[in-house]
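# Architecture at a glance
The primary structure of each chain is shown beneath.
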Amino acid sequence: MVFGFLLALTGGLVALVSAPGQAADPPGPAPTVIVQPGDTLWDIATQTKGREGRDATVEEIRRLNNLTGYDIDAGQRLLLPRRR
């Protein structure tokens, strides 16, 4: 009886902990952008999230696309962070 209660309690806690992560990431493909001539990561980050948090958005774009530097090329497709 105690084991059943603990099992139910653990299941409830797992459901509560996992729910926020599911709500934060909407289903579907991640947004992308095709780099245009003259674009920079900072331009794209500003268009994506605005000036607030732009530097963090640049770093998130770099992480999502496995970029080791800050150079991007026209025609390159970049994954973007989801809007929250």
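Look above for the structure.
This text gives an overview of the structure that appears in the document. Every value quoted in this text rests on a predicted model; they were computed, and no experiment measured them.

### Regarding the overall build of the protein chain
Per the secondary structure count, the protein chain includes three helices and two strands. Counting from the amino terminus, helix and strand elements in the protein chain follow one another as α-β-α-α-β. When burial is assessed residue by residue, the protein chain has 18% of its 84 residues classed as buried. Partitioning the contacts of the protein chain with sequence separation of at least 6, the portion at a separation of at least 24 is 61%. Accessible surface, the protein chain as shown: approximately 6,200 Å² in total, 61% of it carbon and sulfur.

### Here's the deal with the pattern of salt bridges
Per the counting criterion, the structure on display carries two salt bridges. A salt bridge links arginine 62 to glutamate 59, with the shortest nitrogen-to-oxygen separation between them at 2.8 Å. Of this pair, arginine 62 and glutamate 59 both sit in helix α3 (residues 54–64), three residues apart, which is roughly one turn of that helix. Looking at glutamate 59, the relative accessible area reads 35%, which means it is partly exposed. The shortest N-O distance in the salt bridge between arginine 63 and glutamate 60 comes to 2.7 Å. Residue arginine 63 and its partner glutamate 60 are both found in helix α3; the two are separated by three residues, about one turn of the helix.

What counts and what doesn't
Residues numbered from 1 in each chain as written. Predicted model: local features only at pLDDT ≥ 70, side-chain atom pairs only at ≥ 80, totals over all residues. Heavy atoms only, no water. Helix = DSSP H or I, 4+ residues; strand = E, 2+ residues; numbered from the N terminus. Buried < 20%, exposed > 50% of the residue type's maximum accessible area, 1.4 Å probe, protein only. Contact = heavy atoms within 4.5 Å. Areas by Shrake-Rupley, 256 points an atom, 1.4 Å probe, with all protein chains shown as cover. Salt bridge = Lys/Arg side-chain N within 4 Å of Asp/Glu carboxyl O.

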